[in-house]
Amino acid sequence: LPTVGTAVGRPATCVLDECNVMENAVVCTSAGQACVDPTTGADATGDWECRCMAGMAAAVAQAATCVLDECASVCSTCADRGAGNVCAAAGQACEDPTHDPAKTG
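Notes on the structure in this doc start here. Computed from a predicted structure; not experimentally measured.

With that settled, consider unusual backbone geometry. Phi angles above zero are rare outside glycine, and alanine 61 is one such case at about 60 degrees. Relative to the assigned elements, alanine 61 resides in the loop between strand S3 (58–60) and helix H2 (86–89).

Structure (structure tokens):
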């Protein structure tokens, strides 16, 4: 795989973003996920990940199984978070019957 980089007056620092390889990127994008290469060194290959756009999950070199628990406090788009914990404020427990990111509300 080709590395890329530019510099003026010094050697270039070359990087290899495996998500720029169409075969890798399409694995993620076809599943509605983002391709991320956490280590772009020329000697770090095979570590690219698919990450869920909504929900929490990542998988190395394959599409991730995405989950979204709308009751989780780390969910920034969910109704039941932090100081706005609507269920707890009403003396109730929050339960998300499905963790499918496509099914919210």
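Text resumes after the structure shown.
Attention now goes to the state of the cysteines. A complete count under the given rule lists three disulfides for this structure. Two residues, cysteine 19 and cysteine 35, share a disulfide whose sulfurs are 2.1 Å apart. Between cysteine 19 and cysteine 35 the disulfide shows an S-S torsion of about -80 degrees. By sign, it is left-handed. Here the residue cysteine 19 occupies a position in the segment before helix H1 (22–29), and cysteine 35 occupies one in strand S1 (residues 33–36), the gap between them amounting to 16 residues. Per residue, the accessibility class of cysteine 19 equals that of cysteine 35, and both read buried.

Below, the discussion takes up the nonpolar core. Listed in full, the five residues of the largest apolar core are Cys19, Cys28, Cys35, Trp48 and Cys50. Among residues more than four places away in sequence, those in contact with cysteine 50 are Val27, Cys28, Gln33, Ala34, Ala57, Ala58, Ala59, Gln62, Ala63 and Ala64.

Scanning the entire structure with this criterion turns up one salt bridge. Residue glutamate 49 pairs with arginine 51 through a salt bridge whose shortest N-O separation is 2.8 Å. Residue glutamate 49 is classed as buried on the basis of its relative accessible area, which comes to 16%. By relative accessible area, which is 33% here, arginine 51 ends up partly exposed.

Moving on, we get to the side chain of glutamate 49. Position of glutamate 49 relative to the elements: it lies in strand S2 (residues 49–52). A distance of 2.8 Å separates polar atoms of two side chains, one belonging to glutamate 49 and the other to arginine 51. Setting aside its immediate chain neighbours within four residues, glutamate 49 contacts Cys28, Ala34, Cys35, Val36, Pro38, Ala58, Ala59, Val60 and Ala61.

Looking now at the pairing of S2. A regular strand places its side chains on the two faces of the sheet in alternate fashion. Sheet analysis places S1 next to S2, joined by four bridges and oriented antiparallel. What sits directly across from valine 36, in S2, is glutamate 49. Two elements, S2 and S3, share three bridges in a ladder whose sense is antiparallel. By the bridge assignment for S3, arginine 51 is matched with alanine 58.

Reading the values: rules and limits
- Residues numbered from 1 in each chain as written.
- Predicted model: local features only at pLDDT ≥ 70, side-chain atom pairs only at ≥ 80, totals over all residues.
- Heavy atoms only, no water.
- Helix = DSSP H or I, 4+ residues; strand = E, 2+ residues; numbered from the N terminus.
- Disulfide = S-S within 2.5 Å.
- Buried < 20%, exposed > 50% of the residue type's maximum accessible area, 1.4 Å probe, protein only.
- Core = buried A, V, L, I, M, F, W, Y, C linked by side-chain atoms within 4.5 Å.
- Contact = heavy atoms within 4.5 Å.
- Salt bridge = Lys/Arg side-chain N within 4 Å of Asp/Glu carboxyl O.
- Polar contact = N/O pair within 3.5 Å; in protein donor to acceptor, adjacent residues only side chain to side chain.
- Pairing = 2+ DSSP bridges.

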